[in-house]
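If you want the building blocks of each chain, they are given just below.
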Amino acid sequence: ASPDPTELLEIALEAARRAGALLRDGRPADLGVAATKSSPIDVVTEMDIAAEKLITSYIGGQRPGDGFLGEEGASSEGTSGVRWVIDPLDGTVNYLYGLPGWAVSIAAEYEGRVLAGVVEAPMRRETYQAVLGGGAFVNGTPARCRPAAEFSHALIGTGFGYLAERRVAQAEVVRALVPRVRDIRRAGAAAIDLADVGCGRLDGYFERGLHPWDMAAGALFAREAGALTGGRPGEPASGELTIAAPPGLFEPLQELLEGLGAWHD
Ligand code: IPD
């Protein structure tokens, strides 16, 4: 039987709340500035792994038959047809530096469709949640993306991958885009960027090279808030290219990115 999206959402909310609290309360105050026992990066990696373990064991306790795909390596098929797509810590560099833009991202998909998603951003004191067909909510209040802006008035979020060559290509795209739009933001967490499109805090967002766990929950939230998501023309959002924007802005943004060859090679 197909699962109840609201039940999946409740489980995701609790898992995300617990992992968010672990990351917030467990972050050494001097991380990134003072010498810790191990390197700051190791500390972040340990926290990241601990958060993923917490999430998979909580969800596994509630729904033993489900599968997992997690940034920190969780990978199992399960037997129920439900798979949880998890980024225990999106915005790792923000977390390392003590910037507030980091989040826990948890999505539940069934037969390849995301049914429920939660992006928990503890330092923003915000939880973004959505179920398929049930709307998007931020801290319980309905979220709505902005009406389509004129391209020249659009505030567009983006992000960069970790590989130098890809960054060169991404910089070329930004170079072409920045004179044509109001401005560009690189906030540092794809899940929050997508949530910000859904909350009307960005007009649009795009990035190449995202992983499923970076986008699954945030993209559902953006869609349920009225945005379109996709990749290259006619294709869904993927690691090649992810775009989120309201109808009317989505199309010109997609066309421009296609023209610039802004997809991952
Ligand atoms: C990264 C962030 C960043 C985006 C990168 C992602 P991580 O995820 O979402 O904003 O530009 O593409 O890999 O590594 O912090 O989980």
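So, here is what we can say about the structure in this document. Everything numeric in this text was worked out from a predicted model, so none of it was measured.

1. Let's talk about the site of the ligand
Next, step 1: Residues in close proximity to the ligand total 15 residues, the closest being D90, T92, G159, A189 and A190.
Next, step 2: Within the shell around the ligand, the residues separate by chemical class into 4 nonpolar, 6 polar and 5 charged.
Next, step 3: Taken domain by domain, the shell around the ligand gets at least three of its residues from each of domain 1 (5–142) and domain 2 (151–260).

2. Some remarks on the pairing of strand β5 (residues 113–121)
Next, step 1: Burial of β5 is extensive: 8 of the 9 residues sit out of reach of the surface.
Next, step 2: Where strand β4 (residues 103–110) and β5 come together, 7 bridges link them in antiparallel fashion. Its bridge partner being in β5, A107 is matched across the sheet by G117.
Next, step 3: From the end of β4 to the start of β5, which pair antiparallel, there are 2 residues, and E111 there has a positive phi angle of about 50°.

3. Some remarks on the sheet that holds strand β10 (residues 183–185)
Next, step 1: In spatial order, the strands read β10-β9-β11-β13-β12; together these 5 strands make up an open sheet with mixed pairing. Unpaired on one side and paired on the other, β10 and β12 (228–230) mark the two borders of the sheet. Pairwise comparison of adjacent strand axes, ignoring direction, gives a mean angle of 15° for this sheet.
Next, step 2: Here strand β11 (residues 204–207) runs beside strand β13 (residues 242–245); their pairing, made up of 3 bridges, is antiparallel. Bridge assignment links E207 to a residue of β13, and that residue is T242.

Procedures and definitions
- Residues numbered from 1 in each chain as written.
- Predicted model: local features only at pLDDT ≥ 70, side-chain atom pairs only at ≥ 80, totals over all residues.
- Near = placed C-beta within 6 Å.
- Nonpolar A, V, L, I, M, F, W, Y, C, P; charged D, E, K, R; others polar.
- Domains from an automatic or database assignment.
- Buried ≥ 20, exposed ≤ 12 C-beta atoms within 10 Å, placed from the backbone.
- Helix = DSSP H or I, 4+ residues; strand = E, 2+ residues; numbered from the N terminus.
- Pairing = 2+ DSSP bridges.
- Axes fitted to C-alpha atoms, helices over the stretch in contact; angles between N-to-C directions.

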